[in-house]
Amino acid sequence: MERKNAWTTYDENTMAQVEEAAKRYRAFLDQGKTERECAAQAVEIAESAGYENLEDVIRQGKTVKPGDKLYLSQMKKAVMLFHVGEKPIEQGMNIVGAHIDSPRIDVKQNPFYEDTDVAYADTHYYGGIKKYQWVARALALHGVAAKKDGSVVEIVIGEDENDPVVGISDLLIHLSQEQMVKKASEVITGEGLDIMLAGRPLEGAEKEPVKALLLKILQEKYGLEEEDMLSAEIEAVPAGRSRDYGLDRSMILGYGHDDRVCAYAELEAMLKLPAVPAYTCCCLLADKEEIGSVGATGMQAKYFENAVAELLYLTTGKESDLTLRRALANSRMLSCDVSAGYDPLYASAFEKKNAAFLGRGVCYNKFTGSRGKSGSNDANAEFLGRLRKVMDDHQVNWQTAELGKVDLGGGGTIAYICALYGMEVVDSGVPVLSMHAPQEIISKADLYEAIRAYTVFMTDIGPQKD
Ligand code: MN
Ligand code: MN
């Protein structure tokens, strides 16, 4: 049951396509370091491919017909794309869904303080991180500050090579005797993740002169008062661009592969659909997956259901709760999220027969969850059977996987939330090494196979024939 290494199946022409896809993805990744930046790029990609804003279509009282392409943004942090198919939406959609938030360090609402001639920002980390990985490295600040007058200031500091960067200091090894014997989870504490922002006093300032200079810079460069931080979302992320990884350039090292690699593969797949697909195809890019899919932009919010209700009204001219329920229940979905790649350096964490391998293609996780599949969406065998056929018919390189050894831990995705509608859902994604580290690793072959898999899924998968 061993799966082929995808690279062995490529001719020269395919190799070139793999490389081109990797280049396009790296540009997306480098421009999308936050959920907002990814959402903005998704909207841009959609608009340039002829997608119309669903809100405009509603406002203008237009009707929607097969072949029409629509997008909708939820608070600029989640985005949905719909490509309307030939068959009535009531017969179900072919959905690919990923998340565009990634682990990071968020600046608190009252962040600034000065200690011993250094100005800091207090933070609260976001998502599951090994805190010790985030110190002693260059960080960039990305985000927005909403002012009382309704204007929103966008901030990106640390990406241009002429920009300064910021960061969190670590204790020197020479004095680390006590630190080095601590448990890894205690080496750096959450409250210890304070970001150094400035180190020079403002001339003439009496109280907290270093913080005073920091505030002066924020005022002069961005028009921001200290109080504006109360309504700001500033995220500290690893500074710098993604890189080709390995001497053979077969991999990509970068921040946020989880889950922007699947998000990007979905977007490319949407652009490869026929003018009128058989079933309505949908690309979902959700926020807040890393903290439990909560909040108004997380998958648990009803924006997707609401958008489908709007779409049904625009295509049928009728309002019907029953039709909406049928449309959702009759749908098929790939919950596109990264999986743990097998790492020979940590072989004891995996059960090798059921692990995902870098370079062996897109992977399908029948279940995720932890401690006895708890919290998992355990996909239906019949659905997996049809998927195997579609993937094999199109020579997609694919593999199955589970997230490490049974009793070691686990993880979740958005799969179980969409499954609540009664639709068929399975997790599908790209294997990643060093997941949730500031820089993660993927294989270019797996990105390429994910794009192909998501395309053929949306064009070819249909309902179970009883
Ligand atoms: Mn993920
Ligand atoms: Mn994750």
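From a predicted model like this one, the values you see are computed outputs, not experimental measurements. (Residues numbered from 1 in each chain as written. Chains lettered and ligands numbered in written order. Predicted model: local features only at pLDDT ≥ 70, side-chain atom pairs only at ≥ 80, totals over all residues. Heavy atoms only, no water.)

**A word on the overall build of the chain**
The secondary structure content of the chain amounts to 11 helices and 22 strands. On C-alpha atoms alone, the chain measures out to a radius of gyration of 23 Å, which is about the 23 Å that the 2.2 N^0.38 rule sets for 466 residues. Counting only C-alpha atoms, the chain reaches 80 × 55 × 45 Å along its principal axes. Here the chain, with 466 residues, has 52% of them falling under the buried criterion. Counting contacts in the chain only where the partners sit at least 6 residues apart, residues at least 24 apart contribute 76% of the total. Carbon and sulfur atoms make up 50% of the accessible area of the chain, which totals about 22000 Å². Between the averaged position of the 52 positive side-chain charges in the chain and that of its 72 negative side-chain charges there is a distance of 5 Å. (Helix = DSSP H or I, 4+ residues; strand = E, 2+ residues; numbered from the N terminus. Rg over C-alpha atoms; globule rule 2.2 N^0.38 Å. Buried < 20%, exposed > 50% of the residue type's maximum accessible area, 1.4 Å probe, protein only. Contact = heavy atoms within 4.5 Å. Areas by Shrake-Rupley, 256 points an atom, 1.4 Å probe, with all protein chains shown as cover. Lys, Arg positive; Asp, Glu negative; His and termini not counted. Charge placed at Lys NZ, Arg CZ, Asp CG, Glu CD.)

**Some thoughts on the coordination of the manganese ion (ligand 2)**
Taken together, the protein donors to the manganese ion (ligand 2) comprise Asp258 (OD), Glu290 (OE), Glu290 (OE) and His436 (NE2), at separations of 2.0 to 2.6 Å. For the manganese ion (ligand 2), the single-chain donor residues occur in sequence as D-x31-E-x145-H. A distance of 3.3 Å spans the gap from the manganese ion (ligand 2) to the manganese ion (ligand 1), which Asp258 bridges by coordinating each metal. In this pair, Glu290 sits in the loop between β13 (280-286) and α7 (303-316) while His436 sits in the loop between β21 (431-432) and β22 (440-443), placing the two residues 146 residues apart along the sequence. Judged by relative accessible area, which is 14%, Glu290 ranks as buried. (Donors = N, O, S within 2.8 Å, 3.2 Å for Na, K, Ca; no water.)

**Focus on the sheet that holds β22**
An order of β11-β12-β22 is seen for the 3 strands of this open sheet, with the pairing classed as antiparallel. Sheet topology places β11 (243-245) and β22 at the edges, where each strand pairs with a single neighbour. Averaged over all pairs of adjacent strands, the angle between strand axes in this sheet comes to 35°, irrespective of strand direction. Relative to β22, strand β12 (residues 251-254) runs antiparallel, the two being bridged by 4 bridges. Looking across to β22, one finds that Ile252 is bridged to Ile442. Each of β12 and β22 is contacted by helix α6 (residues 257-271), which is oriented at about 30° to β22, the strand it contacts most. Lying over the sheet, helix α11 (residues 444-460) contacts β11, β12 and β22, oriented at roughly 65° with respect to β22. (Pairing = 2+ DSSP bridges. Axes fitted to C-alpha atoms, helices over the stretch in contact; angles between N-to-C directions.)

**Topic: the environment of Gln31**
By the element assignment, Gln31 lies in helix α1 (residues 12-31). Taking the C-alpha atoms as reference points, Gln31 and Arg241, separated by 210 residues in sequence, lie 8.9 Å from one another. Those residues in contact with Gln31, other than ones at most four positions away along the chain, are Glu37 and Gln41.

**Examining the packing of aromatic side chains**
How two aromatic rings sit relative to each other is given by the distance of their centres and the angle of their planes. Scanning the model with the defined rule gives 11 aromatic pairs in all. With a centroid separation of 5.1 Å and 45° between ring planes, the pair formed by Phe28 and Tyr264 is classed as tilted. With a gap of 236 residues between them, Phe28 in helix α1 and Tyr264 in helix α6 connect regions that are remote in the sequence. For the pair shown, Phe28 and Tyr264 are each scored as buried. Ring geometry for Tyr113 versus Tyr120: centroids 5.2 Å apart, planes at 15°, classification stacked. (Phe/Tyr/Trp six-rings, centres within 6.5 Å; stacked < 30°, edge-to-face > 60°.)

**Regarding the domain arrangement of the chain**
Split by domain assignment, the chain resolves into domain 1 (6-102 + 255-460) and domain 2 (104-238). Taking only C-alpha atoms into account, the centre of domain 1 sits 33 Å from that of domain 2. At the interface, 18 residues of domain 1 touch 16 residues of domain 2. Around 1400 Å² of area is buried between domain 1 and domain 2 when both sides are counted, 49% of it from carbon and sulfur atoms. Across the contact surface, domain 1 and domain 2 share 4 salt bridges. Taking the shortest distance from any N to any O, the salt bridge between Glu233 and Arg36 comes out at 2.8 Å. (Domains from an automatic or database assignment. Buried area = accessible area lost by both parts, 1.4 Å probe. Salt bridge = Lys/Arg side-chain N within 4 Å of Asp/Glu carboxyl O.)

**Section: the coordination of the manganese ion (ligand 1)**
At this site the manganese ion (ligand 1) is bound by His99 (NE2), Asp258 (OD), Asp337 (OD) and Asp337 (OD), with donor distances of 2.1 to 2.6 Å. We note that the donor set of the manganese ion (ligand 1) lies within a single chain, spaced as H-x158-D-x78-D. Given the relative accessible area of 3%, Asp258 is considered buried. Residue Asp337 is classed as buried on the basis of its relative accessible area, which comes to 7%.

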